[in-house]
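A structural walkthrough
What follows is each chain in one-letter form.
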Amino acid sequence: MTKELKADLMLLFVAVSWGASNYVISLCMADMSPLSVNIFRFGIGAVTVGLIGIKTIKKINWITVKYALAMSIFLTLSYLCTNLGIERTTISNSGFYCALSVLFLPFAEWAIFKMKPDRKLAVVIAMSIVGIFLLSLTGDFTFNRATLFGDFLCTLTAVAVTFNVLICDKAVMHEDVNAFNLGFLQIAFTFLWSTGLSFLLETPSAPSNVYALLGLVFLGVICTGVALVIQPVAQQYTTGTHVALIFALEPVFCAIIAFFFAHEVLCIHNYIGMILLLAGIVLLEVDLKKAS
């Protein structure tokens, strides 16, 4: 097995775990408050990453701390909106709306870094608008008012992730910033932010059944700790095209898991909307000339 194939399989594992995370979050929130889920998730994730890279973490510097602190603010907002959104929309919808950060990034880069987007962006925008419209309709083609607010919250997740990625891009270009330490610190800071907000906005709660506890371990160890370590390591041995295609499968896995485990059966036009969003993500991220 080649290093590239191993890397692709590792990234596929990350995409599947993140695709499953929304369903697991919904199970945990049936037993706990939204911010409490994040407290345990990022606490477990920080411990996991800390144990993996304890020697590297000893070399943390102030520049890395500043970037990680800024990133953690948006990471905290993104997971808060994700959890609140999952409570108010379908698991399938949450996966696709949260993935819209891939579409928002070119606009943010254009506005902040003056990086003019490719012409194909107009096509992707049109596909995305139609896709979101179809996702928002019920079986009789009226707007699903029951999920609109949840869909909006998941879209805010994508906005927060966009700013998190922009700060990360700037951080890793700095010669004094260690990427592993950056990841560890943003997880640790997100744990602290979530803890503070939980005591301020809700009554913190702990898991009261084994299913919620196992779900938190899965979210913390696999979806947060391990996944955030695998991603940068694997990307050293595969192409950008492969990474884009594999990560574009994340919302698809989310919809598949929602279908089989949460028994979410959507209307045909909802699935068509998902396909349009997925096609837009792939079209935006993949250089077709290089891929051919």
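Preceding this section is the structure that the text describes.
Here the residue numbers are simple positions, counted from 1 along each chain's written sequence. Predicted model: local features are reported for residues with pLDDT of at least 70 only, side-chain atom pairs are reported and counted for 80 or more only, and whole-chain, interface and lining totals are derived from all residues. To obtain the side-chain values, all non-hydrogen atoms of the structure were used and water was disregarded.

Looking at the overall build of the chain
As a reminder of what qualifies: Counting from the N terminus, the helices are DSSP H or I runs at least four residues long and the strands are E runs at least two residues long. Only C-alpha atoms enter the radius of gyration; for comparison, a globular chain is expected to reach 2.2 Å times N to the power 0.38, where N is the number of residues. Here, residues are in contact when the closest pair of their heavy atoms is within 4.5 Å. All accessible areas in this document rest on Shrake-Rupley with a 1.4 Å probe, and a residue is counted as covered only by the protein chains that are shown. Here the positive residues are Lys and Arg and the negative ones are Asp and Glu; neither His nor the chain ends is included. Charged side chains are reduced to one point each, which is NZ for Lys, CZ for Arg, CG for Asp and CD for Glu.
Looking only at helices and strands, one finds 14 helices and 0 strands in the chain. Element order for the chain, N to C, with α for helix and β for strand: α-α-α-α-α-α-α-α-α-α-α-α-α-α. Relative to a compact globule of 292 residues, whose C-alpha radius of gyration would be 19 Å, the chain shows 19 Å and is just as compact. Across its three principal axes, the chain shows a C-alpha extent of roughly 55 × 50 × 40 Å. Considering only contacts in the chain between residues 6 or more positions apart, those separated by 24 or more positions represent 89%. Carbon and sulfur atoms make up 71% of the accessible area of the chain, which totals about 14,600 Å². Treating the 16 positive side-chain charges of the chain as one cloud and the 16 negative ones as another, the clouds have centres 9 Å apart.

What to know about the nonpolar core
The cut-off we apply is this: What makes a nonpolar core is a set of buried Ala, Val, Leu, Ile, Met, Phe, Trp, Tyr and Cys residues whose side-chain atoms join them at distances within 4.5 Å. Partly exposed residues are those whose accessible area sits between 20% and 50% of the maximum for their type, while under 20% is buried and over 50% is exposed, using a 1.4 Å probe and protein chains only.
Ranked by internal contacts, the top residues of the largest apolar core, which has 20 residues, are Val14, Trp18, Cys28, Val37, Leu219 and Phe247. Among the elements of the structure, helix H1 (3-29), helix H10 (210-234) and helix H11 (240-247) are those that each provide at least two residues to this core. For this core, the leading source of residues is H1, giving 9 residues. Ala46, Met71, Leu182 and Phe184 belong to the second-largest nonpolar core, a separate cluster that totals 19 residues.

Examining the packing of helix H6 (residues 101-113) against helix H7 (residues 120-135)
Rules: To obtain an axis, a line is fitted to C-alpha atoms, over the contacting stretch when the element is a helix, and the angle between two such axes runs from 0 to 180 degrees between their N-to-C directions. Each angle is binned into one of four classes, with values under 35 degrees roughly parallel, values over 145 roughly antiparallel, values of 65 to 115 roughly perpendicular, and all other values oblique. In this scheme the handedness of a crossing depends on how the near helix is turned from the far one: anticlockwise by less than a right angle means left-handed, clockwise means right-handed.
The N-to-C vectors of H6 and H7 enclose an angle of 140 degrees; their axes lie 11 Å apart at closest approach. When the interaxial angle is binned, H6 and H7 end up oblique. As H6 runs across H7, the sense of the crossing is left-handed. Residue-level contacts link Leu103, Pro106 and Phe107 of H6 to Leu121, Val124, Ile125 and Ser128 of H7.

Notes on the packing of aromatic side chains
The condition is simple: Each Phe, Tyr or Trp ring, with Trp reduced to its six-membered ring, pairs with another whose centre is within 6.5 Å; inter-plane angles below 30 degrees give stacked pairs, above 60 give edge-to-face pairs, and intermediate values give tilted ones.
For the structure on display, the rule yields 5 aromatic pairs. Between the aromatic rings of Phe42 and Tyr79, the centroid separation amounts to 5.1 Å while the plane-to-plane angle is 75 degrees, which identifies the pairing as edge-to-face. Remark: Tyr79 occurs in helix H4 (residues 62-88) and Phe42 occurs in helix H2 (residues 34-52); sequence separation between them is 37 residues. When the centroid spacing of 6.4 Å and the interplanar angle of 25 degrees are considered together, the rings of Phe149 and Phe152 count as stacked. Of the two residues, Phe149 and Phe152 are both situated in helix H8 (residues 145-172); the distance of 3 residues between them amounts to about one turn of the helix.

Regarding the pattern of salt bridges
Let me state the cut-off plainly: By salt bridge we mean one thing: a side-chain nitrogen of Lys or Arg within 4 Å of a carboxyl oxygen of Asp or Glu.
Taken as a whole, this structure holds 1 salt bridge when the rule is applied. For Arg88, the salt bridge goes to Glu87, with nearest N and O atoms at 3.2 Å. Take Arg88: its relative accessible area is 35%, and that puts it in the partly exposed class. We classify Glu87 as partly exposed; its relative accessible area is 42%.

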